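What follows is the residue order along each chain.
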Amino acid sequence: RALLGGSVCLSLVGLCLFMIIQSIDTSHKELLKLPAIRCEIPLPQQTTLLNRSSLIKKIEDKFKKPEDIQAVILMGMGGVGKTTLARQYIRDQEASVVWEINAETEETLILSFEKLAEALTQTEADRRKFIKIESKPSPKREEKLLKYVKEKLSSRPYWVLFYDNVEKFADIDPYFPHDSKVWGPGKILMTTRNSMIGNHKYIDSNNILKIGELTPEYQFTL
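Notes on the structure in this doc start here. This structure is a prediction, so every number in the text was calculated from the model and none was measured.

### Some words on helix α5 (residues 124-135)
Here is step 1: For α5, which comprises 12 residues, the first-to-last C-alpha distance of 16 Å matches the rise-based estimate of 16 Å (1.5 Å per residue) to within 8%.
Here is step 2: Listed in full, the buried residues belonging to α5 are D126, F130 and I133. Viewed end-on, α5 has its buried residues packed into an arc of 60°, placing them on one side of the element. Every exposed residue of α5 that faces more than 90 degrees away from the buried side is listed here: R128 and K132.
Here is step 3: Buried residues in α5 make contact with α4 (106-120) and α6 (141-154).

Set out below in structure tokens:
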């Protein structure tokens, strides 16, 4: 009887483990089936777009490190084409999420994250959670919104975020992914005029690409 009871228990444990594994596998397959989320990426027509393939190649090379979260910064004065160059790069990225974040001010940063959160809302359960956050203004609303975005991004295979026009890193610090266990794996591209931004602990100075003024040849082509 003891042997029989033990066999039954083992069978039940095995059945439970099988059901758990099946459930995890099904959830993983459902995640992979989720449609890619992409924001609009405004770029000039191809015929009027300046070909800067050498700089695109430099961005790609800097992203070849093995870290789960990688960040590359395009640094340079205004008007040298940093934003257009970054958009050219992210436009061709194959990722589950590709999103541009306007980091010029606190208001535009939060608005960009609100739009990202809304885009990440794909199921009815997500929709109820998102509406609950949006419909109850409170001091912790932004904190809850950020937590929601982290949860949604970490549940997806891979993401690419572009932070445009960052003035000071302190302005975006809470919204900057640095822990893949919280945010999931992905790429970060950032544009800035601030030459001191590389001093931050989350920024690898080797991943800063300085964008200079257009050469006379590029100016003529443009």
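Further notes follow.
### Topic: the pattern of salt bridges
Here is step 1: Summed over all chains, the structure comprises 10 salt bridges.
Here is step 2: With a closest N to O distance of 3.5 Å, D92 and R91 form a salt bridge.
Here is step 3: The exposed category is assigned to D92, whose relative accessible area is 51%.
Here is step 4: The closest approach of N and O atoms between K152 and D126, which form a salt bridge, is 2.9 Å. You can see K152 sitting in helix α6 and its partner D126 sitting in helix α5, a full 26 residues away along the chain. Assigned by exposure class, K152 and D126 land together as buried.

### Comments concerning the nonpolar core
Here is step 1: With 57 residues, the main nonpolar core has L74, W99, F113, Y163, I172, L189 and M190 as its most contacted residues.
Here is step 2: What Y163 contacts, discounting residues up to four positions off in sequence, is I101, L109, F113, I172, Y175, F176, P177, I188, L189, M190 and T191.

### Details of the packing of aromatic side chains
Here is step 1: Applying the stated criterion across every chain yields a total of five aromatic pairs.
Here is step 2: Geometrically, the ring pair formed by F130 and Y148 is tilted, given 6.1 Å between the ring centres and 35° between the ring planes. Taken together, the residues span a long stretch of sequence, with F130 in helix α5 and Y148 in helix α6 at a distance of 18 residues. Exposure class is identical for F130 and Y148. Each is buried.
Here is step 3: These aromatic residues form a ring-pair network of at least three members: Y163, F169 and F176.
Here is step 4: Here the guanidinium or amino end of K187 rests over the ring plane of F63, the centre of that ring lying 5.0 Å away.

Each value, and the rule that gives it
Residues numbered from 1 in each chain as written. Predicted model: local features only at pLDDT ≥ 70, side-chain atom pairs only at ≥ 80, totals over all residues. Heavy atoms only, no water. Helix = DSSP H or I, 4+ residues; strand = E, 2+ residues; numbered from the N terminus. Expected span 1.5 Å × (residues − 1). Buried < 20%, exposed > 50% of the residue type's maximum accessible area, 1.4 Å probe, protein only. Arc of directions from axis to C-beta. Contact = heavy atoms within 4.5 Å. Salt bridge = Lys/Arg side-chain N within 4 Å of Asp/Glu carboxyl O. Core = buried A, V, L, I, M, F, W, Y, C linked by side-chain atoms within 4.5 Å. Phe/Tyr/Trp six-rings, centres within 6.5 Å; stacked < 30°, edge-to-face > 60°. Lys NZ or Arg CZ within 6 Å of the ring centre and 35° of its normal.

Keep in mind these values describe shape, not function.
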